[in-house]
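Survey of secondary and tertiary structure
Single-letter residue listing:
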Amino acid sequence: VRESGFRALQNICGSINAHRVTIAAQGGVEAVVAGMRAHEGAAQLQRYGCLTLSNIGENSENLERMKALGEVLEVVKSAMAAHPLHLRNLDLPYRLGVPRPRTSIFD
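What comes next concerns the included structure. (Residues numbered from 1 in each chain as written. Predicted model: local features only at pLDDT ≥ 70, side-chain atom pairs only at ≥ 80, totals over all residues. Heavy atoms only, no water.)

This brings us to the overall build of the protein chain. A tally of regular secondary structure across the protein chain gives seven helices and zero strands. Along the protein chain, from the amino end to the carboxyl end, the secondary structure elements read α-α-α-α-α-α-α. Here the C-alpha radius of gyration of the protein chain, 13 Å, is about what a compact globule of 107 residues would show, namely 13 Å. The principal-axis extents of the C-alpha atoms in the protein chain amount to approximately 45 × 30 × 25 Å. Counting the 107 residues in the protein chain, one finds 36% classified as buried. (Helix = DSSP H or I, 4+ residues; strand = E, 2+ residues; numbered from the N terminus. Rg over C-alpha atoms; globule rule 2.2 N^0.38 Å. Buried < 20%, exposed > 50% of the residue type's maximum accessible area, 1.4 Å probe, protein only.)

Put into structure tokens, the structure is as follows:
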């Protein structure tokens, strides 16, 4: 049930900016972080939580607020470390300020 809720929230804020703004303003980021912390071992829930946060962060003001909440980056990094196969292509940490790994000598 929790996974379904995160997946629904991910879809709701996937393409409509007004939804992203409303969800963030109503404490959606904090709720997602709390849910992810409460269920660290649930790989799919972590995946949908990270994707939801990523979608919310598509709004630049939301992203700046998420950067200010250090716990967002902390929970995303924790999820990525615990479930690397489920979260291997996630770009949210880099948008939150984590440097991208160098992939060649030309980077």
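With that settled, the discussion passes to the pattern of salt bridges. Counted under the stated rule, the structure contains six salt bridges. We note a salt bridge from Glu 71 to Arg 37, for which the minimum N-O separation is 3.9 Å. Of the two residues, Glu 71 sits in helix H6 (residues 70–82) while Arg 37 sits in helix H3 (residues 28–38), which places them 34 residues apart along the sequence. Judged by its relative accessible area of 32%, Glu 71 is partly exposed. Looking at Arg 37, the relative accessible area reads 34%, which means it is partly exposed. Of the charged contacts, one joins Glu 58 and Arg 95 as a salt bridge, the two residues approaching to 3.6 Å between their closest N and O atoms. (Salt bridge = Lys/Arg side-chain N within 4 Å of Asp/Glu carboxyl O.)

To continue, consider the environment of Lys 77. For Lys 77, the location among the structural elements is in helix H6. Judged by its relative accessible area of 47%, Lys 77 is partly exposed. Taking the C-alpha atoms as reference points, Lys 77 and Ile 12, 65 residues apart in sequence, are found 24 Å from one another.

Applying the stated criterion across every chain, the model contains zero disulfides. Cys 13 takes part in no disulfide bond, and the closest cysteine sulfur, belonging to Cys 50, lies 13 Å away. With relative accessibility at 0%, the residue Cys 13 sits in the buried group. Taking relative accessible area as the criterion, Cys 50 reaches 0% and is therefore assigned buried. (Disulfide = S-S within 2.5 Å.)

Our next topic: the nonpolar core. In terms of nonpolar packing, the biggest core is built from 23 residues, with Val 29, Met 36, Leu 53, Met 66 and Leu 92 touching the most fellow members. Elements with a minimum of two residues in this core: helix H2 (17–25), H3, helix H4 (43–56), helix H5 (60–68) and H6. For this core, the element with the highest residue contribution is H4, accounting for five residues. For Met 36, the residues in contact, after removing those within four places along its chain, are Phe 6, Leu 45, Gln 46, Gly 49, Cys 50, Leu 53, Val 75 and Ala 79. (Core = buried A, V, L, I, M, F, W, Y, C linked by side-chain atoms within 4.5 Å. Contact = heavy atoms within 4.5 Å.)

For the rest of this paragraph, the subject is the packing of H4 against H6. Here H4 crosses H6 at 140°, and the two axes come no closer than 10 Å. Regarding the angle of H4 to H6, the classification is oblique. In the crossing of H4 with H6, the sense of the turn from one axis to the other is left-handed. Mapping the contact onto sequence places Gln 46, Cys 50 and Leu 53 in H4 and Val 72, Val 76 and Ala 79 in H6. Looking at the contact of H4 with H6, its residues break down into five nonpolar, one polar and no charged. (Axes fitted to C-alpha atoms, helices over the stretch in contact; angles between N-to-C directions. Parallel < 35°, antiparallel > 145°, perpendicular 65-115°, else oblique. Left-handed = near helix turned anticlockwise from the far one by under 90°. Nonpolar A, V, L, I, M, F, W, Y, C, P; charged D, E, K, R; others polar.)

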